[in-house]
Every structure is written in C-alpha cells, then in structure tokens.
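Inside the fold
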Amino acid sequence: MRECVKANGITFHIAIHGREGAPWLTFSNSHATDLSLWDGQAARFADRFRVLRYDTRGHGGSEATDGAYDFALLSADVVALWDALSVTRSHYVGLSLGGTTGIEIALRYPDRVASLTACDCRCSAPPEFAASWDPRIEAARRDGMEALVEPTLQRWFTASFRAANPPALAQVAHMIRGTSVSGYVGCAEALKRIDCEPRLAGIRCPTLFLTGEKDPSAPPDLVGRWCAAVQGAHFAVVREAAHITNIEKPAEFDTALERFLAKVA
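Criteria and thresholds
Residues numbered from 1 in each chain as written. Predicted model: local features only at pLDDT ≥ 70, side-chain atom pairs only at ≥ 80, totals over all residues. Heavy atoms only, no water. Helix = DSSP H or I, 4+ residues; strand = E, 2+ residues; numbered from the N terminus. Rg over C-alpha atoms; globule rule 2.2 N^0.38 Å. Buried < 20%, exposed > 50% of the residue type's maximum accessible area, 1.4 Å probe, protein only. Contact = heavy atoms within 4.5 Å. Areas by Shrake-Rupley, 256 points an atom, 1.4 Å probe, with all protein chains shown as cover. Lys, Arg positive; Asp, Glu negative; His and termini not counted. Charge placed at Lys NZ, Arg CZ, Asp CG, Glu CD. Pairing = 2+ DSSP bridges. Axes fitted to C-alpha atoms, helices over the stretch in contact; angles between N-to-C directions. Expected span 1.5 Å × (residues − 1). Phe/Tyr/Trp six-rings, centres within 6.5 Å; stacked < 30°, edge-to-face > 60°. Polar contact = N/O pair within 3.5 Å; in protein donor to acceptor, adjacent residues only side chain to side chain.

On to the overall build of the chain, then. Along the backbone of the chain there are 12 helices and eight strands. Relative to a compact globule of 265 residues, whose C-alpha radius of gyration would be 18 Å, the chain shows 17 Å and is just as compact. Counting only residues that meet the buried cut, the chain has 58% of its 265 residues in that class. Taking contacts inside the chain between residues at least 6 apart in sequence as the whole, the part at least 24 apart equals 76%. When the accessible area of the chain is evaluated, it comes to approximately 10400 Å², of which 52% is carbon and sulfur surface. Distance between charge centres in the chain, computed from 28 positive and 31 negative side chains, equals 3 Å.

A few words now on the sheet that holds strand β2 (residues 10–18). Read from one edge of the open sheet, eight strands run β1-β2-β4-β3-β5-β6-β7-β8, paired in mixed fashion. The sheet terminates laterally at β1 (2–7) and β8 (234–238), the two strands that pair on one side only. Adjacent strand axes in the sheet meet at a mean angle of 25°, parallel and antiparallel pairs treated alike. Pairing of β2 with strand β4 (residues 50–54), which is carried by five bridges, proceeds in the antiparallel orientation. Each bridged residue has a counterpart across the sheet, and for histidine 17 the counterpart in β4 is valine 51. Taken strand by strand, helix α2 (residues 71–84) contacts β1, β2, β3 (24–28), β4, β5 (90–95) and β6 (113–119), and its axis lies near 110° from that of β1. Set on the sheet, helix α12 (residues 250–264) makes contact with β3, β5, β6, β7 (207–212) and β8; between it and β6 the angle comes to about 155°.

The phi dihedral of alanine 32 is positive, around 65°, even though this residue is not glycine. Considering the arrangement of structural elements, one finds alanine 32 in the loop between β3 and α1 (39–45). One non-glycine residue, aspartate 120, lies in positive phi territory at about 50°. Position of aspartate 120 among the secondary structure elements: in the loop between β6 and α4 (127–131).

Look at helix α3 (residues 97–108): 17 Å from first C-alpha to last across 12 residues, which is about the 16 Å you get at 1.5 Å a residue. Here α3 lies mainly inside the structure; 11 of its 12 residues are buried. The complete set of buried residues in α3 reads Leu97, Gly98, Gly99, Thr100, Thr101, Gly102, Ile103, Glu104, Ile105, Ala106 and Leu107.

Bringing the packing of aromatic side chains into the picture now. With the rule as written, the count across this model stands at seven aromatic pairs. Centre to centre, the rings of phenylalanine 12 and tyrosine 54 are 6.5 Å apart; their planes meet at 70°, and the pair counts as edge-to-face. Within this pair, whereas phenylalanine 12 is found in strand β2, its partner tyrosine 54 is found in strand β4, the two being separated by 42 residues in sequence. On the basis of relative accessible area, phenylalanine 12 is assigned to the buried category, the value being 0%. The class of tyrosine 54 is buried, set by a relative accessible area of 3%. The interplanar angle of 80° and the centroid separation of 6.2 Å between the aromatic rings of phenylalanine 129 and tryptophan 133 together place this pair among those described as edge-to-face. Like tryptophan 133, phenylalanine 129 is buried. In textbook terms, an aromatic cluster arises when at least three aromatic residues are bridged by ring pairs, as seen for Phe27, Trp38 and Phe253.

Another aspect to go through is the side chain of threonine 56. Structurally, threonine 56 is set in the loop between β4 and α2. Classification of threonine 56 by relative accessible area gives buried; the value is 4%. Here asparagine 29 takes part through its side chain, which lies 3.2 Å from a polar atom of the side chain of threonine 56. In contact with threonine 56, not counting residues within four places along its chain, are Ser28, Asn29, Ser62, Leu74, Leu97 and Cys187.

Without other data, these values stay purely geometric and don't point to any function.
Right under this line is the structure:
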C-alpha cells in the first residue's frame, strides 16, 4: 500500500507492507534514492514485520523544502511520520544518509527505536569529506541531477558489479534522476555536517553497523571504530561490495540483517 502522509509540515510518500499487528520495521533510503531502494528487503521481511518505507524529504515522491537540512530535521521527520501512523516503536534500518538519520533518532528519541541497523553510513564529516560535497552541489544546481548519475554510480558500486548488472544500474540511475535538486542539496548540506561520533556511547538500543568491504565513504576500519563506541553493538562487513550493499550483494546483506533481527525482534 502506497500513500501520502502529512508530517512535520510536509507531505511524505510512503509504502506499508507486511503482516498487520507484527512489529514495525522502518527502512530509510540513501541520498539520491527513494523507497524502492528497499524493494527486495520489503518483500523478504513482510512475513515477520509490518514494513514501513518512506521517501526522505526532497526525494522520490516526498515534498522538498529549500535550504540546508540537518539530521535534527531528518530524524524529526521520521518520528513525525511514526506519530502520524500511530507507530509507537519500530525497528529501524537505514543506509548511508538513512543510516546516519537512524543514529540521530536513536540518540534523540531512544524510546522509539526497538533496534538500529546503520548501513554504509558515517558518524563524522572531516574537512576532506565535507569538501567533497561542494562540487556535487554546484553540479546539481548548474546542470541538474543528470550530471551526477554516472559519477555517483561509479562511487556506489564496484566495477565488476557495474559491468555485470546494467538493469540494476538503470534502476538506481532512475532514482538519482528522480531526486529533486533542492532535496539533493539540502541533504548534502546535512552530510557535510555529520557530528554524531562524540555521542555514540549514548545509543542504548540493540545496534548493528554494516558496511561494504570496498565502501569508499564508510570503509570498514572507520565503521568498526564507530561500532566499538556503542555498547554491545554488532558489526558486519559485506564482502566485495561498495556503498549500496543491499543492491550489490542482496543475499549477504539480507542474511546479516536477518541474523541480527532474529536476536533482537
């Protein structure tokens, strides 16, 4: 079931699947994608959970607002959505931008998060990482989202996956093109200012950090360090995968997520 829901002052496009009355499981997309990023996982987990997916502010069918976003806003968006849908507590899975959003929710709204799976995401934005967003923002404003399709695909997937999987790349390219410039820029500004690393010890829910072995923006050594800061957190590395692990290696991704949720749900 897909629908539009008003929350936190804007209209969000959402999809709800799965068993009524089951525990909620919320999926949050990466920057420059939409809720269809999670099509495979929505199908796989629908027999055990009530699955909620949503398009992040300014992405897919959700309304865009102008100006810079931050993770306080993006986390408040999710909680407002939960309130609108009478979701008191949910398991949460987010990738990249969605993963950092989940970390912020777990820190700001601990009673609302049953468990957190933070995939291929960052907890800090050192100067070189923050500066990498400026030319992308400039390209989006000057030339539109089409200019970002090919360089983004090259960062997000290994060369071997790109060569062997044109249909998957076409699906992701379609999501990138469908992202509004305002939404892209707003979320890029949030990513430039990630600052949750000093607060990670405050996370109290069961947590899984997961990343791709070859993820250039969230490499295993960094993610492992952040994982160690969260008491009792689990850590998984998806072999031979870059940034969008659930599409590049869906079987390995789903197995790691399934094992974690079986322990905590």
